[in-house]
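Structure at a glance
Residues per chain are reported as follows:
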Amino acid sequence: MQKGKMNIAIVGAGASGLFLAKKLSSCKQANIVVFEKSNKVGTKIKASGGGKANIFNTNLYPTAYNNPVFVQNLLRQISVEDIKHSFEQMGLRLAVDDENRVYPATFSSQSVVDVLLTNLSHQVKIITNYEVKHITKNGNTYRINDYNLDFDCLVLASGSPAGMNRTKRTDYNAYLNSLPFKQQPIAPSLVGFKLQAYPKILSGCRVKTDLSLYQNNNLIFKEFGEVTFKDDGVSGIVVLNASAWYNRLKNKDNCSLSFDFLCDDNYDLQKHWQQYHDFCGILSPKLNQLYQQKPFNIRCLQFKILDVYDWEFAQVSSGGIDLDTIDEHFQAKKLPNMYIIGEMLNIDAVCGGYNLFFAFASAYITAQYIVKLWK
Ligand SMILES: Cc1cc2nc3c(=O)[nH]c(=O)nc-3n(C[C@H](O)[C@H](O)[C@H](O)COP(=O)(O)OP(=O)(O)OC[C@H]3O[C@@H](n4cnc5c(N)ncnc54)[C@H](O)[C@@H]3O)c2cc1C
C-alpha cells in the first residue's frame, strides 16, 4: 500500500455500490475495488421502473419508509437536491412526472448506469463474476476471500434477493454469517398478494379501484390506483404499496384486501339497479360477469390474504440488517471502517423512487464521510 493511499473495497456493483464508487473516484488518495458476483453491473437499476428507472421522488416524506424516524434523521444530513445535483453533475438530464417521480430524461434506465460508469477514474477497478464469500478482519484492515490486498475501508452494498429466481437467490448474502450483525428476517416486499377464495374468472382484468388493506376490522392502508387481477391474486402499484404496509405488521393474521370499484360515495347504486337491472355500465366486463354469477358488494369486494407472491416478483425486501448496527455515517458500530448501505439495511419504502433514493443517499453520506476522514 502506498503511503497516504486508502484501499477501499465495495461489495456489490448495484445502485448504492456504483453511486459510491462514482462519488469516491474524485478522491485522489482512494484506490477502489468493486466486487460484483454476477457478470453484469447495475442490474436492478436497469430493471427499475419498468426499464425507465424512477430514481427518486421530489416529494420525500418519511412515512413512505418502514422506519420514518430513521429517515427523518437521514434527511437532516442529505436532501433530494443533493441527489439531483449529483446526477446532474454526472451529466444526466432529469424529467419529473406529475406524481413527483424523477426519471432520466431519456426514460431509459441504461442512461443511469452509463453515467455512473462513465469517466470513472483509473482508481476504480470493477471485478465482475467475483462473489464475496468471506470477510476477515486483519488488525485495522479487512480481507476479502483470498484477494491479494488489505482494505482500509470496506463497504457492504450487496442488496437483497428481491427480483431473483430460486437459483440466483440461494445463499444470498451468506457472507454476512461471519459478521456480528443483528438482522431482522427478510421477506419479499413491493409484491402482489395471493388471495383466498379468489374467482379465477377475474384473471387478466385491470381496473382502477380504491384498495384497502385491513387487519381484523382495522384499516391499515388505503390508496386509489390500478389493480391487475392474476390467476390466484392481484398485483399493480397500489397493491405493491399495500404489501409494504403488510410487511410492517408484526403478525399477519386476519389480513384482507378490499376493493371499492365505484370510488364514488355519492353514486346511488340502488337507483342505478332499479333503472337498468344491470351493472354492465359501471363494472368492467369480467367484474360484471362475476357479479352475474354471484352478486357481491361493489363498494367492498373483500378477500382474505393468503400470502405475498414469491421473491421473484418482489421489487425490494423488507427486513435486513438492524439499523442499530450502524451510526449516522452508515459505519458499523462494532467494526470500524466497515460501512453498510442500501437495501441490505432494514429500510424499505413504497413505490415512487424512494428505494433507489435510499440506496443513493446512503452511498452519498458514506462517501462524504470517508473522504472527510481521510483528509
Ligand atoms: C423489478 C424492479 C423494479 C424496481 N423499480 C424501482 C424503481 O422504479 N424505483 C426505486 O426507487 N426502486 C426500484 N426498485 C428497487 C431498487 O432497484 C433497489 O432498492 C436498489 O437497486 C437497491 O440498491 P442496492 O445497491 O442496495 O442493491 P442492488 O442494486 O441489488 O445491488 C447489489 C449488488 O450486489 C451484488 N452482490 C450480491 N451479493 C454479492 C456478493 N456476495 N459478492 C459480490 N457481489 C454481490 C448483486 O449482484 C448486485 O449487483 C426496483 C427493483 C426491482 C427488482
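Residues numbered from 1 in each chain as written. Predicted model: local features only at pLDDT ≥ 70, side-chain atom pairs only at ≥ 80, totals over all residues. Heavy atoms only, no water.

**Some details on the pairing of strand E2 (residues 30-35)**
The element E2 is largely enclosed, with a buried count of five among its six residues. Chirality of the crossover, the property in question, places the unit of strand E1 (residues 6-11), helix H1 (residues 15-24) and E2 among those that are right-handed. (Buried < 20%, exposed > 50% of the residue type's maximum accessible area, 1.4 Å probe, protein only. Helix = DSSP H or I, 4+ residues; strand = E, 2+ residues; numbered from the N terminus. Right-handed = clockwise from strand over helix to strand, strands pointing away.)

**Remarks on unusual backbone geometry**
Positive phi, close to 55°, is recorded for Phe107, a residue that is not glycine. By secondary structure assignment, the location of Phe107 is in the loop between strand E5 (101-104) and helix H5 (109-117).

**Some details on the pattern of salt bridges**
All chains considered together, the criterion is met by seven salt bridges. Here Asp97 ties to Arg101 by a salt bridge, and the two come within 2.8 Å at their closest N and O atoms. A relative accessible area of 19% places Arg101 in the buried class. Here Glu99 ties to Arg101 by a salt bridge, and the two come within 3.5 Å at their closest N and O atoms. One salt-bridge network, in which partners are shared between bridges, spans Asp97, Glu99 and Arg101. (Salt bridge = Lys/Arg side-chain N within 4 Å of Asp/Glu carboxyl O.)

**Describing the site of the ligand**
Not every one of the 32 residues close to the ligand is listed here, only the nearest: Ser16, Glu36, Asn54, Glu343 and Leu356. Within the side chain of Glu36, an N or O atom sits 2.6 Å from an oxygen atom of the ligand. With respect to the ligand, the side chain of Ser48 contributes an N or O atom lying 3.1 Å from an oxygen atom. Burial of the ligand by the protein chains amounts to 92% of its free accessible area of 1000 Å². Where the shell around the ligand is concerned, the elements lending two or more residues are H1, helix H2 (43-47) and helix H10 (354-374). In terms of residue count, H10 provides more of the shell around the ligand than any other element does, four residues in total. Looking at the shell around the ligand residue by residue, the class counts come to 15 nonpolar, 12 polar and five charged. (Near = heavy atom within 4 Å. Polar contact = N/O pair within 3.5 Å; in protein donor to acceptor, adjacent residues only side chain to side chain. Areas by Shrake-Rupley, 256 points an atom, 1.4 Å probe, with all protein chains shown as cover. Nonpolar A, V, L, I, M, F, W, Y, C, P; charged D, E, K, R; others polar.)

**Here we look at the packing of aromatic side chains**
A complete count under the given rule lists 28 aromatic pairs for this structure. On the numbers, 6.1 Å between centres and 85° between planes, the contact of Tyr130 with Tyr147 is edge-to-face. Separated by 17 residues along the polypeptide, Tyr130 in the loop between strand E6 (124-127) and strand E7 (135-138) and Tyr147 in the loop between strand E8 (141-144) and strand E9 (153-156) bring together distant segments of the chain. Note on Phe221 and Trp245: the rings are 6.3 Å apart at their centroids and 25° apart in plane angle, and the pair reads as stacked. One end of the pair, Phe221, is in strand E13 (residues 218-229); the other, Trp245, is in helix H7 (residues 237-247), and 24 residues separate them in sequence. Note on Phe221: relative accessible area 8%, which makes it buried. One aromatic cluster is present, built from ring pairs that chain together Tyr198, Phe229, Phe259, Phe261, Trp273, Phe279, Tyr291, Phe296 and Phe303. One cation-aromatic arrangement involves Arg248 over Trp245; the distance from NZ or CZ to the ring centre is 4.2 Å. Directly above the aromatic system of Tyr246 lies the positively charged group of Lys252, at a separation of 5.6 Å from the ring centroid. (Phe/Tyr/Trp six-rings, centres within 6.5 Å; stacked < 30°, edge-to-face > 60°. Lys NZ or Arg CZ within 6 Å of the ring centre and 35° of its normal.)

**Here's the deal with the domain arrangement of the protein chain**
What the domain assignment reports for the protein chain is domain 1 (6-187 + 315-374) and domain 2 (193-309). A straight line from the C-alpha centre of domain 1 to that of domain 2 covers 36 Å. The interface is formed by 11 residues belonging to domain 1 together with seven residues belonging to domain 2. Each partner contributes to the roughly 640 Å² buried at the junction of domain 1 and domain 2, and carbon and sulfur atoms together form 59% of this total. The largest contributions to the domain 1 side of the interface with domain 2 come from Ser318, Val350 and Cys351, which together make up 51% of the buried area. Seen at the junction of domain 1 and domain 2, the total is zero salt bridges. Linking domain 1 to domain 2 there are four residue pairs in polar contact (both at pLDDT 80 or more). Of the residues in the side of domain 1 that touches domain 2, the class split is six nonpolar, four polar and one charged. (Domains from an automatic or database assignment. Contact = heavy atoms within 4.5 Å. Buried area = accessible area lost by both parts, 1.4 Å probe.)

**Description of helix H3 (residues 68-77)**
Looking only at H3, the buried set comprises Phe70, Val71 and Leu74. Axial view of H3: buried residues confined to an arc of 95°, hence all on one face. Of the exposed residues in H3, those oriented more than 90 degrees away from the buried face are Val69 and Arg76. Against the buried residues of H3 lie H10. (Arc of directions from axis to C-beta.)

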